[in-house]
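Structural overview for review
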Amino acid sequence: MPRTVRDVVFVDGVRTPFGKAGPKGIYHETRADDLVVKSIRELLRRNPDLDPARIDEVAVAATTQIGDQGLTIGRTAGILAGLPTSVPGYAIDRMCAGALTAVTTTAGSIAFGAYDVVVAGGVEHMGRHPMGEGVDPNPRFVSEKLVDESALFMGMTAENLHDRFPHLTKQRADEYAVRSQERAAKAYANGRIQQDLVPISVRRTSPEAGETGWGLVTADEPMRPGTTLEMLAGLKTPFRPHGRVTAGNAAGLNDGATASIIAAEDFAREQGLPVRMRLVGYAFAGVEPEVMGYGPIPATEKALAKTGLSISDIGLFEINEAFAVQVLAFLDHYGIADDDERVNQYGGAIAFGHPLASSGVRLMTQLSRQFEENPHVRYGLTTMCVGFGMGATVVWENPHFDGGSK
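Residues numbered from 1 in each chain as written. Predicted model: local features only at pLDDT ≥ 70, side-chain atom pairs only at ≥ 80, totals over all residues. Heavy atoms only, no water.

Under the annotation held in an unreviewed UniProt entry, the protein carries the name Acetyl-CoA C-acyltransferase and is attributed to Streptomyces montanisoli. In its Sequence similarities (unreviewed entry) section, the UniProt record describing the protein reads: "Belongs to the thiolase-like superfamily. Thiolase family." (UniProt positions renumbered as here; feature names shortened; annotations may be inferred.)

Some words on the overall build of the protein
Of regular secondary structure, the protein possesses 12 helices and 12 strands. Taking 22 Å as the expected radius of gyration for a compact globule of 406 residues, we find that the protein reaches 20 Å, a close match to that expectation. In terms of overall dimensions, the protein has C-alpha extents of about 60 × 55 × 50 Å along its principal axes. For the protein, the residues scored as buried account for 57% of the 406 residues in total. Excluding contacts between residues fewer than 6 apart, the proportion of contacts in the protein whose partners are at least 24 apart in sequence is 79%. When the accessible surface of the protein is totalled, it reaches about 16,100 Å², and 53% of it is carbon and sulfur. (Helix = DSSP H or I, 4+ residues; strand = E, 2+ residues; numbered from the N terminus. Rg over C-alpha atoms; globule rule 2.2 N^0.38 Å. Buried < 20%, exposed > 50% of the residue type's maximum accessible area, 1.4 Å probe, protein only. Contact = heavy atoms within 4.5 Å. Areas by Shrake-Rupley, 256 points an atom, 1.4 Å probe, with all protein chains shown as cover.)

With respect to the nonpolar core
Counting 74 residues, the largest nonpolar core has Ile40, Met364 and Trp396 as the members making the most contacts within it. Not counting the four nearest positions on each side in its chain, Met364 is found in contact with Phe10, Leu100, Val103, Met277, Thr382, Val394 and Trp396. Listed in part, the 39 residues of the second largest apolar core include Met154, Ala303, Leu331 and Tyr334. (Core = buried A, V, L, I, M, F, W, Y, C linked by side-chain atoms within 4.5 Å.)

Side note on unusual backbone geometry
Generally, phi is negative for residues other than glycine and the peptide bonds are trans, each holding for most cases. Of note in this structure, Lys145 is not a glycine but carries a positive phi near 55°. With respect to the secondary-structure elements, Lys145 resides in the loop between helix 4 (140-143) and helix 5 (154-164). According to the relative accessible area criterion, Lys145 is exposed, its value standing at 71%. Its identity is not glycine, yet Phe388 carries a phi of approximately 65°, on the positive side. Taking the relative accessible area as the measure of exposure, Phe388 reaches 25% and is therefore partly exposed.

Brief notes about the packing of helix 9 (residues 296-307) against helix 10 (residues 324-333)
Put simply, helix 9 and helix 10 touch, their axes get as near as 9 Å, and they point 45° apart. Here helix 10 runs oblique to helix 9, going by the angle between their axes. For the pair helix 9 and helix 10, contact is made by Pro296, Ile297, Thr300 and Glu301 and by Gln326, Ala329, Phe330 and His333, respectively. For the contact of helix 9 with helix 10, a count of residues per class yields 4 nonpolar, 3 polar and 1 charged. (Axes fitted to C-alpha atoms, helices over the stretch in contact; angles between N-to-C directions. Parallel < 35°, antiparallel > 145°, perpendicular 65-115°, else oblique. Nonpolar A, V, L, I, M, F, W, Y, C, P; charged D, E, K, R; others polar.)

Details of helix 12 (residues 359-373)
Between its first and last C-alpha atoms helix 12 spans 22 Å; for 15 residues at 1.5 Å apiece the expected length is 21 Å, and the two agree. By the criterion of burial, helix 12 is predominantly enclosed, with 13 of the 15 residues buried. (Expected span 1.5 Å × (residues − 1).)

Things to note about the UniProt feature "domain: Thiolase C-terminal" (unreviewed entry) in the protein
UniProt feature "domain: Thiolase C-terminal" (unreviewed entry): in the numbering of this structure it lies at residues 276-397. Structurally, residues 276-397 is divided into 34% helix and 26% strand, and its ends, taken at the C-alpha atoms, are 9 Å apart.

Structural notes on the pairing of strand 3 (residues 57-61)
Burial analysis of strand 3 places 5 of its 5 residues in the buried class, which makes it a mostly covered element. Side chains of strand 3 alternate between two faces, with Glu57, Ala59 and Ala61 and Val58 and Val60 buried alike. Note that strand 3 and strand 5 (residues 117-125) share 5 bridges and pair parallel. Within the sheet, the bridge partner assigned to Val60 lies in strand 5 and is Gly121. Crossover connection from strand 3 via helix 2 (residues 73-80) to parallel strand 4 (residues 89-92): handedness right-handed. (Pairing = 2+ DSSP bridges. Right-handed = clockwise from strand over helix to strand, strands pointing away.)

Here we look at a nonpolar patch on the surface
A cluster of nonpolar side chains, namely Val142, Leu152, Phe153, Met156 and Phe239, defines an oily patch on the protein surface of about 390 Å² accessible area. Looking at where Phe239 falls in the secondary structure, it is placed in the loop between helix 7 (229-233) and strand 8 (254-264). (Patch = residues over 30% accessible without salt bridge, like charges linked within 9 Å, V, L, I, M, F, W, Y side chains within 5 Å. Salt bridge = Lys/Arg side-chain N within 4 Å of Asp/Glu carboxyl O.)

Quick word on the UniProt feature "active site" (unreviewed entry) in the protein
The UniProt entry lists Cys96, His354 and Cys385 under the feature "active site" (unreviewed entry), expressed in the numbering used here. Despite a sequence span of 290 residues, these residues sit close together in the fold, their greatest C-alpha distance being 11.9 Å. Owing to a relative accessible area of 6%, Cys96 belongs among the buried residues under this scheme. Topologically, Cys385 is positioned in strand 11 (residues 379-386). When sequence neighbours within four positions are dropped, the list of residues in contact with Cys385 reads Cys96, Met292, Gly293, Pro296, Ala322, Gln326, Met390 and Gly391.

Describing the pairing of strand 11
Within strand 11, 8 of the 8 residues are buried, leaving the element largely enclosed by the surrounding structure. On strand 11, burial covers both faces: Tyr379, Leu381, Thr383 and Cys385 on one face and Gly380, Thr382, Met384 and Val386 on the other are all buried. As paired strands, strand 10 (residues 314-319) and strand 11 are joined by 5 bridges and run parallel to one another. Bridge pairing in strand 11 places Leu316 opposite Gly380. When strand 11 meets strand 12 (residues 390-397), the two strands line up antiparallel, connected through 8 bridges. From the neighbouring strand, Thr383 faces strand 12, where its bridge partner is Thr393. Here strand 11 folds back onto strand 12 in antiparallel fashion, the turn holding 3 residues, of which Phe388 has a positive phi close to 65°.

Focus on the pattern of salt bridges
One pass over the structure, following the stated rule, counts 27 salt bridges. Its salt-bridge partner being Lys170, residue Asp174 comes within 2.6 Å of it at the nearest N-O pair. Here Asp174 pairs with Lys170, and both are found in helix 6 (residues 170-189), just 4 residues apart, close to one helical turn. Since its relative accessible area comes to 4%, Asp174 is described here as buried. Via salt bridges that share partners, Asp12, Arg46, Asp196, Arg276, Arg369 and Glu372 belong to a single interconnected network.

Written out as structure tokens, the structure reads:
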């Protein structure tokens, strides 16, 4: 029988504060699955009108699916979070776009009518599981020149993007990075970020004192407020001698988790759940793996074509800042100024961090807050580059749109 496609909405999103990966990071002694569990529990606490038994799926992304990020983490985290055993779950991997793909995949099922409401998110504990841990790339990739060897190293792909667009200089990348830090600090000062953070209790060991104690994490660890161009100018370029990519104009190695509630709009309204964004369309695209950071451009072109929109219709952008040059390439392609106020109003991954598979839902959560503050904006998008040469873009509509100009 004929089916009616249902409208899909973003109900709510939360995340843990993001931490620095490694022995000195805040989550060094915290399990990855526990970060997901805390995020799911917070979603349920914030949305008491949602009966947990009505959740149709828990989709959780992780790039390195071993150890405490393995064992079908969507299912295990759901059980650990106290969801009824009748609620199924699964794991998903599209590297950096893992959580974003968890949202789009389950959204398709909601639109089709298979689900009413889902939990979708992602986690990456890069301290416990460094990118590439346990992988064994097929030697044919290099021996048969299927990809350039640099494709296996994300920092080198960013240097390649600088090569391809030499007018995107290190100076511009550093200037962009400083603005990201400034905007993130301003967003914190205005209380824009904290409202969606899940406080996490962590165990901390002091090697100097030989003591172990407990603390509460309530803010992102990677942020460097007060960053200046002078500070960035002298940083090392680890991926190439005299290169342009540094720790200052790129996201670091991070730990963290995100979770969101995605639902059919009719279900959300019947259940009294908030409707923060309405899904318009999405697209994924592939590019040469050695210029991975170019991926958001064809993905966005594809998404706009499928939705019948143009770039001029987009009033707010949340672009993942894996590397400053990747964002600059996107802005340059569309003729958008490096410092355009519509782009990453709260700052981005250069400041907050980028725990790979979790970041897509951070972009969505921040965009949903900006929609609330900007009822004159009708459309926004979340986009990111993806390891091994891909891009991902989701276009959203503002349910608070008041009919004003874009």
